[in-house]
Amino acid sequence: MSASTPTTSEPLVHIANFRMDFGRTTVIRDLSFGIERGETFGFLGSNGSGKTTTIRALLGIYQPTAGVLHIDGRPFSPEAGERLGYLPEERGLYKKESVIDVMVYFGRLKGLGAEQSRRWSREYLERVGIGEKEKVRLDKLSGGQQQKVQLGVTIMNEPELLILDEPTKGFDPVNRRLLMDIIDDQKRAGSTVMMVTHQMEEVERLCDRVILLKDGVARAYGTVEEVQEQFGGTVIHVDHGGDLPGSPAYRVLSDDDGHAELEPADGGDPAAILRSLVDAGVEVSRFAPTRKSLDDIFVEVYGAESREED
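Just so we're clear, the structure is a prediction, and the values are computed from it rather than from any experiment.

Undergrad: Got a minute to help me understand the sheet that holds strand β2 (residues 25-35) in this structure?
TA: Pairing between sheet strands relies on hydrogen bonds along the backbone, with the strands arranged either parallel or antiparallel. Read across the sheet, three strands follow the order β2-β1-β4 without closing on themselves; strand pairing throughout is antiparallel. Taken across any chain shown, the strands that pair with only one partner, and hence form the sheet edges, are β2 and β4 (66-71). With direction set aside, neighbouring strand axes in the sheet form an average angle of 25 degrees. In the sheet, strand β1 (residues 13-22) pairs with β4 via five bridges, with the strands oriented antiparallel. If you follow Val13 over to β4, its bridge partner there is Ile71.

Okay, here's the thing in structure tokens:
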């Protein structure tokens, strides 16, 4: 990849008609999407949906059965690695070495000088709250602390493309917020971010667009708002007294002890639904139309299989 003028008019990441077979098993089926320069992109799916396979094919670890997988207008090559930051779900650090030595080593691999790597690493460790751990061996750190070191190694070369696979895994809410702030900083500095996560609140806060992958097929693709619209868009929260009447204008998603969730029919007007409830004699104390959350959509798409995995 190059930090200068883009080589093509393609998105920074361009995947078209991607198919991946392992023997007689098809893992990815005709997958196409793009990630524009400077955006944060959510790559979503349950375990086994094909996310890691797609990333590995994009990075040249797997040879695709068919299709195009380009970064900056061409297939990925190791020479382009200096402009890439990749945080895999399976972490990999030299755990018998000290934190600062490991970070300086990886900084040198990424093209930074020894002193530049050391200075950057110390500033980063202070920011994430483990500055006093720089001379401690990696295997003496907690899992969350090791994760912070791994993230630092990933971003220290100011990557043009940052691929994060479950970056907040093992983090408490405070450290999850810190990580999201760091991702925001990377985006402001010009990075394009591809993020794999099951934390839908992170997606809603950070991501410009998303794709939902299931069984190797895209189930939804677009901005967060577009995906919400694809899955019904609006949910109405109603606190009521009395029974809710049946109506073709809405579907009752749940109704428990006077707290109901309604989904309007296609093109249904929430104001008209409220009038119909009042006209039917329903005592309405709260009527709040909201967009269906990504968490609700994720459960709708992957709920059954996620429960089986659990």
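The structure having been displayed, the exposition proceeds.
Undergrad: Help me out: how do you make sense of the pattern of salt bridges in this one?
TA: Close approach of charged atoms allows side chains of opposite charge to pair. Under the definition given, this model contains 14 salt bridges. Between Asp184 and Arg205 there is a salt bridge, with the nearest N and O atoms lying 3.0 Å from each other. Of this pair, Asp184 sits in helix α5 (residues 173-188) while Arg205 sits in helix α6 (residues 200-206), and the two are 21 residues apart along the sequence. Taking relative accessible area as the criterion, Arg205 reaches 37% and is therefore assigned partly exposed. The partner of Asp208 in a salt bridge is Lys187, with the nearest N and O atoms 2.6 Å apart. Of the two residues, Asp208 sits in the loop between α6 and β8 (209-214) while Lys187 sits in helix α5, which places them 21 residues apart along the sequence. Residue classification places Lys187 among the partly exposed residues on the basis of a relative accessible area of 25%. What you see here is one network of salt bridges that share partners, running through Lys96, Arg137 and Asp139.

Undergrad: Looking at this model, I keep getting lost on the sheet that holds strand β3 (residues 40-44). Mind explaining?
TA: Pairing is mixed across the open sheet formed by six strands, whose spatial order is β5-β6-β7-β3-β8-β9. Since the sheet does not close on itself, it has two edges, and those belong to β5 (84-87) and β9 (217-223), each with one partner. Across the sheet, the mean angle separating the axes of adjacent strands is 10 degrees when strand polarity is ignored. In this sheet, strand β6 (residues 161-165) lies alongside β5 in parallel orientation, the contact comprising four bridges. By the bridge assignment, Gly85 is partnered in β6 with Leu162. Along the sheet face, helix α4 (residues 143-155) touches β5 and β6 and points at about 160 degrees away from the line of β5.

Undergrad: Can you help me understand a nonpolar patch on the surface in this one?
TA: A surface patch of nonpolar side chains, amounting to about 330 Å² of accessible area, comprises Tyr94, Tyr105 and Leu109. With respect to the helices, strands and loops of the structure, Tyr94 is situated in the loop between β5 and α2 (99-109).

Undergrad: Honestly, the nonpolar core in this entry has me stumped. Any pointers?
TA: Across soluble globular proteins, you tend to see nonpolar side chains buried next to one another. Core analysis: the biggest nonpolar cluster contains 42 residues, and Tyr124, Val149, Leu151, Leu164, Val210, Leu212 and Val227 have the highest contact counts within it. Ignoring any residue separated from it by four or fewer positions in sequence, one finds Val210 in contact with Phe41, Gly42, Leu44, Val203, Ala220, Tyr221, Gly222, Val224 and Val227. In this structure, Val13, Phe18, Val27 and Ile55 belong to the second largest nonpolar core, which totals 25 residues.

Undergrad: What am I meant to see in the packing of aromatic side chains here?
TA: Between two aromatic rings, the relevant description is the distance of the centres plus the angle of the planes. Following the criterion strictly, the structure yields ten aromatic pairs and no others. Consider the rings of Phe33 and Phe43, whose centres lie 5.5 Å apart with planes at 35 degrees: the pair is tilted. With Phe33 in strand β2 and Phe43 in strand β3, this pair connects stretches of sequence that are ten residues apart. In this structure, Phe33 and Phe43 share a single accessibility class: buried. When the ring of Tyr105 is compared with that of Phe106, the centres are 5.5 Å apart and the planes differ by 75 degrees; the resulting orientation is edge-to-face. Among the residues examined, Tyr105 registers a relative accessible area of 40% and is labelled partly exposed. Here a set of aromatic residues connected by ring pairs shows up, and it is made of Phe33, Phe41, Phe43 and Tyr221.

Undergrad: Explain the environment of Asp255 to me, please; I cannot follow it from the model alone.
TA: Tracing the chain through its elements places Asp255 in strand β11 (residues 250-256). Sequence separation between Asp255 and Cys207 is 48 residues, and the spatial gap between their C-alpha atoms is 32 Å. Among residues more than four places away in sequence, those in contact with Asp255 are His240, Leu244 and Ala260. Reaching out from Asp255, the side chain makes a polar contact with the side chain of His240 at a distance of 3.0 Å.

Undergrad: Please clarify how α4 should be interpreted in this entry.
TA: Think of an α-helix as turning once every 3.6 residues; residues three or four places apart then point the same way. When the terminal C-alpha atoms of α4 are compared, their 19 Å separation across 13 residues agrees well with the 18 Å that a helix rising 1.5 Å per residue should span. Among the 13 residues of α4, ten are classified as buried, and the element is accordingly described as predominantly covered. Those residues of α4 that fall on the buried side of the exposure criterion are Gln146, Gln147, Lys148, Val149, Gln150, Leu151, Gly152, Val153, Thr154 and Ile155. The inward-facing, buried residues of α4 contact β5, α2, α3 (114-127), β6 and α5.

Conventions and cut-offs
Along every chain, residues carry numbers that run from 1 in the direction the sequence is written. In keeping with the model being predicted, local features are shown solely for residues with a pLDDT of at least 70 and side-chain atom pairs are shown and tallied solely at 80 or more, while totals for entire chains, interfaces and linings include all residues. Hydrogens are left out, water is left out, and the side-chain values use all remaining heavy atoms of the structure. Strand pairing is assigned whenever DSSP identifies at least 2 bridges connecting the two strands. A run of DSSP states H or I qualifies as a helix once it reaches four residues; a run of E qualifies as a strand once it reaches two. Both are numbered from the N-terminal end. Helix axes use the C-alpha atoms of the stretch in contact, all axes being lines fitted to C-alpha atoms, and the angles between their N-to-C directions lie in the range 0 to 180 degrees. For this analysis, a salt bridge means a side-chain nitrogen from Lys or Arg found within 4 Å of a carboxyl oxygen belonging to Asp or Glu. Relative accessibility thresholds used throughout: buried, under 20% of the residue-type maximum; exposed, over 50%; partly exposed, between the two (1.4 Å probe, protein chains only). The contact criterion used is simple: two residues touch if any of their non-hydrogen atoms lie within 4.5 Å. Patches were defined on residues exceeding 30% relative accessible area and lacking a salt bridge, with like-charge contacts within 9 Å and nonpolar side-chain contacts (Val, Leu, Ile, Met, Phe, Trp, Tyr) within 5 Å. Using a 1.4 Å probe, the Shrake-Rupley method yields the accessible areas, and only the shown protein chains count as cover for residues. Nonpolar cores were defined as sets of buried Ala, Val, Leu, Ile, Met, Phe, Trp, Tyr and Cys residues, with membership established by side-chain atoms within 4.5 Å. Under the pairing criterion, centres of Phe, Tyr and Trp rings, with the six-membered ring standing for Trp, must be within 6.5 Å; the plane angle then separates stacked pairs below 30 degrees from edge-to-face pairs above 60, leaving the rest tilted. Under the rule applied, a polar contact is a pair of N or O atoms within 3.5 Å (in protein, one hydrogen donor and one hydrogen acceptor; residues adjacent in sequence only if both atoms are side-chain atoms). Working rule for helices: expected span equals 1.5 Å times residues minus one.

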